[in-house]
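A look at the structure
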Amino acid sequence: MIRFHHVNKHYGQFHVLKDINLEIQSGEVVVIIGPSGSGKSTLLRCINRLETITDGELTVDGVSVGDRKTNINELRRDIGMVFQHFNLYPHMSVLKNITLAPIRVSKASPKEASETAMYYLQKVGIPDKADAYPSQLSGGQQQRVAIARGLAMKPKIMLFDEPTSALDPEMVGEVLDVMKSLAKEGMTMVVVTHEMGFAREVADRVIFMDHGQIVEEGDPATFFTQPKEERARQFLSRLNH
Amino acid sequence: MSDLLDISILIDYQDVYWKGFFITLKASVFALILSFILGVIIAVFRISTVKSLRWFGTAYVEYIRNIPLLILVFVFYNGLPSIGVNLDSFMAGGLGLGIYTSAFIAEAIRAGIQSVPKGHVEAARSSGLTYLQTMRFVVLPQAIKIVLPPLGNQFINLVKNSSIFGVIAGGDLMYQADIINSETFQTVSVYLFVALFYLLLTIPLSLFVNYLERRLARAY
Ligand SMILES: Nc1ncnc2c1ncn2[C@@H]1O[C@H](COP(=O)(O)OP(=O)(O)OP(=O)(O)O)[C@@H](O)[C@H]1O
Ligand SMILES: [Mg+2]
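The paragraphs below set out a description of the structure included in this document. (Residues numbered from 1 in each chain as written. Chains lettered and ligands numbered in written order. Predicted model: local features only at pLDDT ≥ 70, side-chain atom pairs only at ≥ 80, totals over all residues. Heavy atoms only, no water.)

So, on to the site of ligand 1. Residue and element names in this part refer to chain A. The full set of residues close to ligand 1 is Tyr11, Phe14, Val16, Pro35, Ser36, Gly37, Ser38, Gly39, Lys40, Ser41, Thr42 and Glu162. Between ligand 1 and the protein, one listed contact pairs an oxygen atom with a side-chain N or O atom of serine 36 at 2.6 Å. The backbone of glycine 39 places a nitrogen or oxygen atom 3.0 Å from an oxygen atom of ligand 1. In the complex, the protein chains occlude 59% of the 630 Å² of accessible area that ligand 1 would expose alone. Secondary-structure elements contributing two or more residues to the shell around ligand 1 are β2 (14-24) and α1 (40-47). (Near = heavy atom within 4 Å. Polar contact = N/O pair within 3.5 Å; in protein donor to acceptor, adjacent residues only side chain to side chain. Areas by Shrake-Rupley, 256 points an atom, 1.4 Å probe, with all protein chains shown as cover. Helix = DSSP H or I, 4+ residues; strand = E, 2+ residues; numbered from the N terminus.)

So this is what it looks like as structure tokens:
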């Protein structure tokens, strides 16, 4: 579904991603962890070309992301993204936030788009907030709207960049629950998070990054109990303090 | 003291005042439209990803807004004839004033657009919206709130700055006031009355901008 083949990325002189090789299958839930500045967000943002790669090959569903001939807007329909800071449009109601892309990108009728939006709002547990504005919602509710907004495009892949990091602790659970149910339904998910409980419970695979490299990867049970690499061991032991 | 404010001037010369008023109005509308169009274009240059356009936009803004308006108007009025382009005072003044104001408008628009968090643009683009759709549905509706107050100020400044037409025989309010003054020597009255005609333009403009601001503030 997603394939990195010898991918490198530089910001000017700075080598952010170093020879990334990674294959993510359809339906797989991959969690990316690692210290701050290790390149997790950059890796994630390359998948929908919010960042461009410098060299190597990156394909999504067989389509080359970097190719100039690729219609990036078409590719992006299939890739939902959820951000740390929600990024809801403050001047639009919740419903309008969710229906904007379906109407403008997928050319859904407003009625059809609203029905889809309500379906996903139901799913994330806040159908009663359809007419509210983002500023009237709690952080947890805003993030659930953002997830519903991503899902309303019926994507094949969902990307999450620290979706719970900006939330008050009591709201983390409600967002993780939505993500867990999504994972159970077979959505392909790539999640950057510091929530190790979530990784342990839901991930099919954990990727550990440091200094722009994938240092270690494996199934969560093995990774969390017997990490092979020294850097991963250090990172995990620091988390436990 | 009695002739400090001599109302008979206003009465005797009302036709002259009104003549100036309509020329000032016409010049302001012309310069306003020109400055807005140029301002939008330069603002787009300033936020463009193309380096040369950005450079041009910056050079334009910094050059234009840091020189006196009078110089710009003189270039169009006195300077261009030397290269064979003859503009009447209306065109020369209108171009000078429009170009001058466009630099300030470009800055107001650029600041408004850049006040919209980058994350909103990323959210929109990652959902498949094009650049133009993102501008239209996500960025501009938010930017307008930020842009409107400085834009209103610039338009009010523009109306006041149109008095520059007086220097190039533009027939505007200022020009007519100078004529009335040279005939009557009632300087204080003449100029206080002409100020009233400027207020006739600027106060409604200011009220209109306030009204729009209030409406937008209620929107979300
Ligand atoms: N636009 C940019 N220009 C230059 N350097 C950048 C840019 N964006 C990120 N970087 C650098 O690239 C490195 C990787 O950044 P990235 O955001 O991918 O890290 P991260 O693993 O997501 O960290 P965090 O956990 O703090 O979010 C960092 O050192 C960062 O400073
Ligand atoms: Mg990050």
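What follows continues from the structure just given.
Let's shift gears to the pattern of salt bridges. Within this structure, the stated rule accounts for 18 salt bridges over all chains. With its nearest N and O atoms 2.8 Å apart, the salt bridge here joins A:Lys156 to A:Asp61. Placement of A:Lys156 in the loop between α5 (139-151) and β7 (157-161) and of A:Asp61 in the loop between β4 (55-60) and β5 (63-64) is noted, with a sequence separation of 95 residues between them. A salt bridge links B:Lys118 to B:Glu122; the nearest nitrogen and oxygen atoms lie 3.8 Å apart. Residue B:Lys118 and its partner B:Glu122 are both found in helix α6 (residues 118-126); the two are separated by 4 residues, about one turn of the helix. (Salt bridge = Lys/Arg side-chain N within 4 Å of Asp/Glu carboxyl O.)

Moving on to the packing of aromatic side chains. Residues and elements named next belong to chain B. Tallied over the full model, the rule gives 15 aromatic pairs over all chains. Relative to phenylalanine 197, the ring of tyrosine 17 lies with its centre 5.1 Å away and its plane at 10 degrees, an arrangement referred to as stacked. Of this pair, tyrosine 17 sits in helix α2 (residues 14-46) while phenylalanine 197 sits in helix α9 (residues 187-219), and the two are 180 residues apart along the sequence. Of the two residues, tyrosine 17 and phenylalanine 197, both sit in the buried class. (Phe/Tyr/Trp six-rings, centres within 6.5 Å; stacked < 30°, edge-to-face > 60°. Buried < 20%, exposed > 50% of the residue type's maximum accessible area, 1.4 Å probe, protein only.)

All right, on to the nonpolar core then. Ranked by size, the top nonpolar core spans 50 residues in total, and within it A:Leu121, A:Ile147, A:Met158, A:Phe160, A:Met179 and A:Met189 carry the most contacts. With 8 residues, the top contributor of residues to this core is helix α6 (residues 169-184) of chain A. Beyond its immediate stretch of four places on either side in the chain, A:Met179 contacts A:Ile147, A:Phe160, A:Pro163, A:Met189, A:Val191 and A:Phe198. Ranked by size, the runner-up nonpolar core spans 40 residues in total, among them A:Leu100, A:Met153, A:Ile157 and B:Leu129. (Core = buried A, V, L, I, M, F, W, Y, C linked by side-chain atoms within 4.5 Å. Contact = heavy atoms within 4.5 Å.)

Take the pairing of strand β8 (residues 188-192) of chain A next. All names here are of chain A. Most of β8 is tucked away, with 5 of its 5 residues classed as buried. Sheet analysis places strand β3 (residues 29-33) next to β8, joined by 4 bridges and oriented parallel. Paired with valine 31 across the two strands is valine 191, which belongs to β8. Between the parallel elements β7 and β8, the chain passes through α6 in a crossover that is right-handed. (Pairing = 2+ DSSP bridges. Right-handed = clockwise from strand over helix to strand, strands pointing away.)

Strand pairing within a sheet occurs via backbone hydrogen bonds; the two strands may be parallel or antiparallel. Residue and element names in this part refer to chain A. Taken together, 4 strands build an open sheet; the order of strands is β2-β1-β4-β5 and the sheet is antiparallel. Strands at the two margins of the open sheet, each flanked by one partner only, are β2 and β5. Bridge count between strand β1 (residues 2-11) and β4: 5 bridges; the pairing is antiparallel. Its bridge partner lying in β4, asparagine 8 is registered against aspartate 55. α1 rests against β1, β2 and β4 of the sheet, and its axis sits at about 120 degrees to β1. (Axes fitted to C-alpha atoms, helices over the stretch in contact; angles between N-to-C directions.)

In this assembly, 19 residues from chain B lie in contact with 22 residues from chain A. Both sides of the chain B and chain A interface together cover about 1700 Å² of buried area, and 60% of this is carbon and sulfur. Where chain B packs against chain A, one counts 1 salt bridge. A salt bridge links B:Glu122 to A:Arg45; the nearest nitrogen and oxygen atoms lie 2.6 Å apart. Linking chain B with chain A are 5 residue pairs in polar contact (both at pLDDT 80 or more), by the criterion used here. (Buried area = accessible area lost by both parts, 1.4 Å probe.)

Our next topic: helix α4 (residues 110-123) of chain A. Residues and elements named next belong to chain A. A rise of 1.5 Å per residue sets the reference length of α4, with its 14 residues, at 20 Å; its end C-alpha atoms lie 20 Å apart and thus fit the reference within 8%. All of the buried residues along α4 are Ala113, Thr116, Ala117, Tyr120 and Leu121. Take α4 and look down its axis: the buried residues cluster within an arc of 140 degrees, on one side only. Residues Lys111, Tyr119 and Gln122 are exposed on α4 and point more than 90 degrees away from its buried face. (Expected span 1.5 Å × (residues − 1). Arc of directions from axis to C-beta.)

Residues and elements named next belong to chain A. One open sheet accounts for 6 strands, arranged β6-β7-β8-β3-β9-β10; its pairing is mixed. The sheet is open, and its two borders are formed by β6 (79-82) and β10 (213-218), each paired with just one other strand. Taken over all neighbouring pairs, the strand axes of this sheet differ in orientation by 20 degrees on average, direction set aside. Along the sheet, α1 contacts β3, β6, β7, β8 and β9 (205-210); its crossing angle with β7, the most-contacted strand, is approximately 155 degrees. Where α5 meets the sheet, its contacts fall on β6 and β7, and the angle it forms with β7 comes to roughly 155 degrees.

As a further point, take the side chain of B:Gln154. In this fold, B:Gln154 is placed in helix α7 (residues 131-161). Once you skip the residues sitting within four places of it in the chain, B:Gln154 turns out to touch B:Thr101, B:Phe104 and B:Ile105.

Moving on to the environment of B:Ile168. Residue and element names in this part refer to chain B. If you trace the backbone, isoleucine 168 turns up in the loop between α7 and α8 (173-184). Linking isoleucine 168 and leucine 70, residues 98 residues apart in sequence, is a C-alpha distance of 9.8 Å. Excluding residues within four positions of it along the chain, isoleucine 168 makes contact with Val73, Phe74, Tyr77, Ser89, Ala92 and Gly93.

The subject of this paragraph is the packing of α7(B) against α9(B). All names here are of chain B. For the pair α7 and α9, interaxial distance at closest approach is 10 Å and the crossing angle is 180 degrees. In terms of orientation, α7 lies roughly antiparallel with respect to α9. Counting all contacts with α7, which are made through Ile144, Lys145, Leu148, Pro149, Gly152, Phe155, Ile156, Val159 and Lys160, the residues of α9 involved are Tyr198, Leu201, Thr202, Leu205, Ser206, Val209, Leu212, Glu213, Leu216 and Ala217. Considered class by class, the residues forming the contact of α7 with α9 number 13 nonpolar, 3 polar and 3 charged. (Parallel < 35°, antiparallel > 145°, perpendicular 65-115°, else oblique. Nonpolar A, V, L, I, M, F, W, Y, C, P; charged D, E, K, R; others polar.)

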